[in-house]
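One-letter residues, chain by chain:
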Amino acid sequence: MLRRLKKQKIVLKSLQIHATHLCNLSCSSCNAFSQFKIKGSLDADTLSTWLKKWEPRVHLEKICLLGGEPTLNPELIDLIRTVYRFFPKKSTQKVLFTNGFYLKNHSGLEKVLRDCQFELRLTVHSDEPHYLSRILPIIEECKRWEGVSFLVYNGSGKNIDGIEFREEKWTKRYHETEGKVVPFEDKNPRSSWEKCPSKFSMQLHDGRIWKCPMITYLRLLKPEVRQDPAWEPYMKYQGIGPDCTDKELLDFSLREDEEICGMCPSKRIDFSKGNPLPKRPKMSSYEG
Ligand code: SF4
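What you see is a predicted model, and the numbers here were worked out from it, not measured in a lab.

A. Layout of the overall build of the protein chain. Of regular secondary structure, the protein chain possesses eight helices and twelve strands. Computed over C-alpha atoms, the radius of gyration of the protein chain comes to 19 Å, within 12% of the 19 Å expected from 2.2 N^0.38 for 288 residues, which places it in the range of a compact globule. Considering only contacts within the protein chain whose residues lie at least 6 apart along the sequence, 76% involve residues at least 24 apart.

B. Structural detail: the site of the ligand. By nearness alone, 13 residues border the ligand, and Ser192, Cys196, Cys212, Cys261 and Cys264 come closest of all. For the shell around the ligand, the secondary-structure elements that each account for two or more residues are helix H5 (189-195) and helix H6 (213-217). In terms of residue class, the shell around the ligand is built from nine nonpolar, two polar and two charged.

C. Region of interest: the pairing of strand S11 (residues 202-205). Alternating residues of S11 divide into Met202 and Leu204 and Gln203 and His205, and every residue in both groups is buried. Strand direction decides the pairing type here: strand S2 (residues 15-20) and S11, joined by two bridges, are parallel. Looking across to S11, one finds that Gln16 is bridged to Gln203. Across three bridges, the pairing between S11 and strand S12 (residues 208-210) is antiparallel. Considered in S12, the bridge of Leu204 is made with Ile209. In textbook terms, the turn of a hairpin is the stretch between consecutive antiparallel strands, and for S11 and S12 this stretch comprises two residues, one of which, Asp206, has a positive phi near 60 degrees.

D. Local environment of the packing of helix H1 (residues 44-54) against helix H2 (residues 76-86). The N-to-C vectors of H1 and H2 enclose an angle of 20 degrees; their axes lie 9 Å apart at closest approach. As far as their axial angle goes, H2 and H1 are roughly parallel. Helix-helix and strand crossings are classified by hand; for H1 and H2 the assignment is right-handed. Two secondary-structure elements touch here, H1 through Ala44, Leu47, Ser48 and Leu51 and H2 through Asp78, Leu79, Thr82 and Phe86. Its residues assigned to classes, the contact of H1 with H2 shows five nonpolar, two polar and one charged.

E. Spotlight on the nonpolar core. Leu15, Ile17, Phe33, Leu65, Leu79 and Ile80 are the most contacted members of the largest nonpolar core, which totals 58 residues. Once residues within four sequence positions are removed from consideration, Ile80 is found in contact with Leu65, Leu96, Val112, Leu113, Cys116 and Phe118.

F. Up close: the sheet that holds strand S7 (residues 150-154). Pairing is mixed across the open sheet formed by eight strands, whose spatial order is S8-S7-S6-S5-S4-S2-S11-S12. Both outer strands of the open sheet, strand S8 (167-168) and S12, are each paired with one neighbouring strand and no more. Bridge count between strand S4 (residues 62-67) and strand S5 (residues 93-98): four bridges; the pairing is parallel. Note on S5: the bridge partner recorded for Lys62 is Gln93.

G. Seen up close, helix H4 (residues 129-143). With 15 residues, H4 should cover 21 Å at 1.5 Å per step; its first-to-last C-alpha distance of 21 Å lies within 8% of that length. Along its length, H4 shows its largest kink, about 25 degrees, at Ile135, and proline Pro137 lies within four residues downstream of that point. Of the residues making up H4, those classed as buried are Tyr131, Ile135 and Cys142. Contact partners of the buried residues in H4: strand S6 (118-124) and S7.

H. Examining the environment of Val152 more closely. As for its position among the elements, Val152 is in strand S7. Take Val152: there are 21 C-beta atoms within 10 Å of it, and that puts it in the buried class. Remark: the alpha-carbon pair of Val152 and Gln238, spanning 86 residues in sequence, is separated by 33 Å.

I. Quick look at the pairing of S5. Burial along S5 is one-sided: the residues Lys94, Leu96 and Thr98 are buried and none of Gln93, Val95 and Phe97 is. Two strands pair when backbone bridges link them, and S5 and S6 are joined in this way by five bridges, in the parallel orientation. In the strand pairing of S6, Thr98 is matched with Leu122.

J. Geometry of the environment of Lys53. Note that Lys53 resides in helix H1. Residue classification places Lys53 among the exposed positions, given that 12 C-beta atoms sit within 10 Å. Excluding its chain neighbours within four sequence positions, the residues that come into contact with Lys53 are Gly207 and Pro242.

Reading the values: the criteria
Residues numbered from 1 in each chain as written. Predicted model: local features only at pLDDT ≥ 70, side-chain atom pairs only at ≥ 80, totals over all residues. Helix = DSSP H or I, 4+ residues; strand = E, 2+ residues; numbered from the N terminus. Rg over C-alpha atoms; globule rule 2.2 N^0.38 Å. Contact = placed C-beta atoms within 7 Å. Near = placed C-beta within 6 Å. Nonpolar A, V, L, I, M, F, W, Y, C, P; charged D, E, K, R; others polar. Buried ≥ 20, exposed ≤ 12 C-beta atoms within 10 Å, placed from the backbone. Pairing = 2+ DSSP bridges. Axes fitted to C-alpha atoms, helices over the stretch in contact; angles between N-to-C directions. Parallel < 35°, antiparallel > 145°, perpendicular 65-115°, else oblique. Left-handed = near helix turned anticlockwise from the far one by under 90°. Core = buried A, V, L, I, M, F, W, Y, C linked by C-beta atoms within 7 Å. Expected span 1.5 Å × (residues − 1). Bend = angle between axes of the 7 residues up to and from the residue.

What follows is the structure in structure tokens.
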């Protein structure tokens, strides 16, 4: 008897989705350029439209909601449920990345994370005493969330006593002076890719899949911020759309270094940023 073979899906290691580009912090060298206050948030219907096109074609080892700061999107819970609806199997790890300050604005988040098998990753971005005094109680609260895997990452670039970190991350990604960004010109794509902390961080943006955060969100910067002509060749990059062939998708999924990696440093440059909290916080419903 003839048996219809199930179409084989193409494996992607990790797909990240910005719940919002907005961020409450200002971290130099953010790989999504969030310190430049890029606007725009995702709604659950749009996410559903995008995932409907991609889910039949890809197996995701990992899918992440992040930003920006994802908890600044009032629809965060709907986004989590939408991701789970398309990727309910445990074979797809599901992760919410946050800086933690606005977790409290989402009533029922703990249960939704548990029900939708989402893991929680909180990044500490500064060792400054005021910052730590605000984030430490949030970390303690998250540790109490039963059935929700929780890890803390160190994004401060410094040693911080008293917090058990799973991972240290934060390196220089581009030059940044007086509110403008300039790419590296090391022109050694292979070496840059090998050292790259974002090499397995594909982005789902505008319904297309992009290689990494920098090449995706570069185009959302105001022209005056990326006015250096060295960015021009990188602005032509378009990722891959759902109209691609299976062969194009497979090639995209397997591609390692490519020309665009020439915009990144060919060596790891550890980097300590200053205090990323706004100096004069505005009073709003999202104020921490
Ligand atoms: S362009 Fe290449 S090296 Fe640079 S961040 Fe993207 S994947 Fe990494």
